[in-house]
Protein chains: 2
Amino acid sequence: MTTTLTEENYLKAIYHLSQKQDSGISTNAIAQKIEAKASSVTDMLKKLADKKLISYIKYKGVSLTEKGRLAAVDIIRKHRLWEVFLVDNLNFSWDEVHDVAEQLEHIKSSKLVNELEAFLGFPTHDPHGDPIPDKDGQIQRTNKIVLSQTTLNKRYKCVGVLDSSSEFLKYLDKHNIGIGTEILVLDREEFDQSLTIQIQEKTMVMSKAITSNIYVKQL
Amino acid sequence: MTTTLTEENYLKAIYHLSQKQDSGISTNAIAQKIEAKASSVTDMLKKLADKKLISYIKYKGVSLTEKGRLAAVDIIRKHRLWEVFLVDNLNFSWDEVHDVAEQLEHIKSSKLVNELEAFLGFPTHDPHGDPIPDKDGQIQRTNKIVLSQTTLNKRYKCVGVLDSSSEFLKYLDKHNIGIGTEILVLDREEFDQSLTIQIQEKTMVMSKAITSNIYVKQL
DNA sequence: TTTTATTTTTAGATTTATCTAAATATTTTT
DNA sequence: AAAAATATTTAGATAAATCTAAAAATAAAA
Ligand SMILES: [Mn+2]
Ligand SMILES: [Mn+2]
Ligand SMILES: [Mn+2]
Ligand SMILES: [Mn+2]
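So, how was this worked out
- Residues numbered from 1 in each chain as written.
- Chains lettered and ligands numbered in written order.
- Predicted model: local features only at pLDDT ≥ 70, side-chain atom pairs only at ≥ 80, totals over all residues.
- Heavy atoms only, no water.
- UniProt positions renumbered as here; feature names shortened; annotations may be inferred.
- Helix = DSSP H or I, 4+ residues; strand = E, 2+ residues; numbered from the N terminus.
- Contact = heavy atoms within 4.5 Å.
- Salt bridge = Lys/Arg side-chain N within 4 Å of Asp/Glu carboxyl O.
- Patch = residues over 30% accessible without salt bridge, like charges linked within 9 Å, V, L, I, M, F, W, Y side chains within 5 Å.
- Areas by Shrake-Rupley, 256 points an atom, 1.4 Å probe, with all protein chains shown as cover.
- Lys, Arg positive; Asp, Glu negative; His and termini not counted.
- Charge placed at Lys NZ, Arg CZ, Asp CG, Glu CD.
- Buried < 20%, exposed > 50% of the residue type's maximum accessible area, 1.4 Å probe, protein only.
- Buried area = accessible area lost by both parts, 1.4 Å probe.
- Polar contact = N/O pair within 3.5 Å; in protein donor to acceptor, adjacent residues only side chain to side chain.
- Nonpolar A, V, L, I, M, F, W, Y, C, P; charged D, E, K, R; others polar.

Looking at an unreviewed UniProt entry, one finds chain A named Transcriptional regulator MntR and attributed to Winogradskyella pelagia. According to the UniProt record, the Sequence similarities (unreviewed entry) comment for chain A reads "Belongs to the DtxR/MntR family." Of the comments in the UniProt record for chain A, the one headed Function (unreviewed entry) reads "In the presence of manganese, represses expression of mntH and mntS. Up-regulates expression of mntP."

Next up, the structure:
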């Protein structure tokens, strides 16, 4: 009952796609995420279905079984714990950790991940504000919203990012926005939905492409 | 010019075999170490020779090129640094680290290994007393001997192990022998070369199978 | 120095994960 | 409801790493 690196990447991709859309995850959507051709995906789906990790109905898309969900969440747990380690202890910045974590998440050793978690002080979130699943696959979900959906003249705190690409994170760094940053929403331009916000006395305008990728919580 | 996980394992195997015997490492010796069939080894040797990582003359065995040696030493550097991390920070004992390090040694990120080294305080040796190669592939070699070749009535310090299998390390744990342990050699039985030694007031007899796997330095 | 044994290489197959091209199913448009 | 477009699956190929069985080379023994 061991999963290969490739299978693990498919499970993770299906899991992430399931966050947006509950079931019937399409072959094409997976192909796009994995960066493989649809025919390759079909082959792998048969394999994952044989292993009871997904429910697969030809032409109708897939969904994770409980077994598959637990496997996926375990990879994500490892990924996020390693990201915390890289930032907290090895001087990585939040835009540098993802690629290395993509490799580290496949290391197989339950002692390793559990000891790592303890060493890090049982962190609840990774450097991008994403929650870290616990040993039993439970995820602490908080009711965050995206900055684009905030109401005017209220104060918010940045608690995460939707897009955690290196490019976007560097943009945020440049404008001194990170997890914990306080943001006051001043105005919304109706034409393009751009926001005028204030961060530490400084006022700036942000396009919707930006604000729809920043998670905040009202203070 | 990237090396696959499998290629890396072959390079490491060839490197370790080269420590005992300088050149002309045989196909069979590699096969035994890798736990593969000789025919599989021959295939891989061609591949490694194509990549200029080894010098290979049909039927005459192989040796690492400088490029291959550096690649091998880099894997070993990572392996040993991770072993230090596991023991120093994640509560692993020296008999538990090897299998996990076998996985971690293949993670590709020069920032990761260099930052890890700094985080660990630039350790010179791993938990088994083996030297950690530096960034440039240099290895600090010390003139250690095996316990079986010591002279009577002299005091030694354990500085490493030749056999670092879990079984052997557990045996050493049971008898309170570890890196740094002081050993006084009292007597040698000529018949079977067994040694009577003294460790912290306690006297014990050890077979040659044991004493030839413990590295010591005279005090 | 032949003969025998061992080692190494080659030839051909297998498994995993991928691809292209073609066939089939589903969805959308007319 | 038929035609067109899109999505998905199948068929057949390829590359990496392995294997078994057979052939060839080298080493050891007679
Ligand atoms: Mn990540
Ligand atoms: Mn993350
Ligand atoms: Mn080791
Ligand atoms: Mn070691």
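Q: Tell me what's going on with the side chain of B:Glu105, and back it up with residues and numbers.
A: Along the chain, B:Glu105 falls in the loop between helix H5 (97–104) and helix H6 (110–119). Not counting chain neighbours up to four residues away, the residues in contact with B:Glu105 comprise B:Asn9, B:Lys12, B:Ile75, B:Lys78, B:His79 and B:Trp82.

Q: How would you summarise the pattern of salt bridges if you had to cite specific residues and measurements?
A: Pairing between side chains becomes possible if they bear opposite charge and their charged atoms approach one another. Going through the model one piece at a time under the given rule, you end up with 20 salt bridges over all chains. A salt bridge links A:Glu8 to A:Lys108; the nearest nitrogen and oxygen atoms lie 2.8 Å apart. One end of the pair, A:Glu8, is in helix H1 (residues 5–20); the other, A:Lys108, is in the loop between helix H5 (97–104) and helix H6 (110–119), with 100 residues separating them in the sequence. Between B:Glu102 and B:Lys12 there is a salt bridge, with the nearest N and O atoms lying 2.9 Å from each other. Of this pair, B:Glu102 sits in helix H5 while B:Lys12 sits in helix H1 (residues 5–20), and the two are 90 residues apart along the sequence. Within this structure, A:Glu7, A:Lys47 and A:Lys51 form a network of salt bridges that share partners.

Q: Any chance you could break down a negative patch on the surface for me, citing the residues and the numbers?
A: Residues and elements named next belong to chain A. Together, Asp187, Glu189, Glu190 and Asp192 make up a negatively charged patch on the protein surface. Secondary-structure assignment places Glu189 in the loop between strand S5 (182–188) and strand S6 (195–199). Glu189 gets classed as partly exposed once you look at its relative accessible area, which sits at 41%.

Q: So what's going on with the interface of chain A and chain B? Residues and values would help.
A: Between chain A and chain B, the contact holds 20 residues from the first and 20 residues from the second. Taken over both partners, the interface formed by chain A and chain B buries close to 1700 Å², and the fraction arising from carbon and sulfur atoms is 71%. The three residues of chain A that bury the most area against chain B are A:Leu90, A:Gln103 and A:Lys111, which together make up 27% of that side's buried surface. Run the count over chain A and chain B and you get two salt bridges. The closest approach of N and O atoms between A:Glu96 and B:Lys111, which form a salt bridge, is 3.4 Å. Connecting chain A to chain B are six residue pairs in polar contact (both at pLDDT 80 or more). Counting only elements with at least two residues in the side of chain A that touches chain B, the list comes to helix H4 (66–89), H5 and H6 of chain A. The element contributing the most residues to the side of chain A that touches chain B is H6(A), with five residues. Of the residues belonging to the side of chain A that touches chain B, the class tally is 11 nonpolar, five polar and four charged.

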